[in-house]
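Structural characterization, general
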Amino acid sequence: MALLSGICRNVRTLLGQCQRSAAAAAWVHCQSSRKYSQTAPEPEPVINDNEAINKTFVNRNPRNLEQMALAVKDRGWATVWPSRQYYHRLVFRRTQHHITAEVYSSDSVDPVLSCSTKEWALKRELGSTRSVAACRAVGEVLAQRCLEAGITRIVYREVPWKFRSESNQTFWTAMKEGGVMLSEPRRKFI
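Note that this is a predicted model, so its numbers are computed, not measured.

Predicted confidence across the chain gives a mean pLDDT of 75, with 58% of residues reaching 70 or more. Across the chain, the element-wise mean pLDDT spans from 60 in helix α1 (residues 2–36) up to 91 in helix α4 (residues 132–149).

Here it is, written out as structure tokens:
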């Protein structure tokens, strides 16, 4: 019996040593294969015709330079009223029966945007087409139209005795509250 238990013990020891040496050999083989392995090659980029960049760049937004205050303003003559140094100018008129506000571009004789109490949509909402409330309504509607057209800054110069009137002040306040700045940035000379 002692002989049999001794043999079993020796066989167990021998098997344990074989298993340990097999595990060590596998670990050494893994380490040696890592040493000689290479990273996978990166795939070549696929060039798409839609992503090609044209050598000639054309600015499709002509108002971009205005918004950066780099566009050229016509200086006009020193004695000209109103001054011609603007990108967009706001003109506010009151006649006997109606109120009209128009936005002019520096290079155009026709208005770019306009709003008047002559328009039926505005006229039917107002009690009077000439009151201070009508001035406020025209200012609010024109401010909304300016923002929809992308015009956020306009020059508004009025003769001082006309500007002091309540209707002009109300119109001016409605335009400012509508999100339109009634002054343009100083031109940058680069």
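This brings us to the nonpolar core. If you look at the biggest cluster of nonpolar residues, it comprises 23 residues, and the most contacted ones within it are Leu90, Val103, Leu142, Cys146, Ile154, Phe171 and Met175. Secondary-structure elements contributing two or more residues to this core are β1 (88–94), β2 (99–105), β3 (111–116), α4 and α6 (166–177). Take this core: its biggest share by element is seven residues, from α4. Leaving out residues up to four positions away in the same chain, Val103 has contacts with His88, Arg89, Leu90, Pro111, Val112, Leu113, Leu142, Cys146, Ile151 and Ile154.

This part is about α6. A turn of α-helix holds 3.6 residues, and therefore any two residues three or four places apart point the same way. The terminal C-alpha atoms of α6 lie 16 Å apart, and with twelve residues this matches the ideal 16 Å at 1.5 Å per residue to within 8%. Along α6, the residues that are buried comprise Ser167, Asn168, Thr170, Phe171, Ala174 and Met175. Buried residues along α6 cover an arc of 165° about the axis, so they all sit on one side. Residues of α6 that are exposed and angled more than 90 degrees away from the buried face: Glu166 and Glu177. A positive phi of about 105° marks Gly179, the residue just after α6.

Thresholds applied
Each chain has its residues counted from 1, following the order in which its sequence is written. Selection of residues for local features in this predicted model requires a pLDDT of at least 70, selection of side-chain atom pairs for listing and counting requires 80 or more, and totals for whole chains, interfaces and linings are taken over all residues. As a rule here, side-chain values come from all non-hydrogen atoms in the structure, and water together with hydrogens is ignored. Predictor confidence is given residue by residue as pLDDT, running from a minimum of 0 to a maximum of 100. Helix numbering and strand numbering both begin at the N terminus, where a helix is a DSSP run of H or I of at least 4 residues and a strand a DSSP run of E of at least 2. Among the buried residues, those of types Ala, Val, Leu, Ile, Met, Phe, Trp, Tyr and Cys that are joined through side-chain atoms within 4.5 Å form a nonpolar core. We call a residue buried when its accessible area falls under 20% of the maximum for its residue type, exposed when it is over 50%, and partly exposed in between, using a 1.4 Å probe and counting protein chains only. Residue contacts are counted whenever heavy atoms from the two residues lie within 4.5 Å of one another. The length a helix should cover is 1.5 Å for every residue beyond the first. Each C-beta atom gives one direction from the helix axis, and the arc is the one those directions make.

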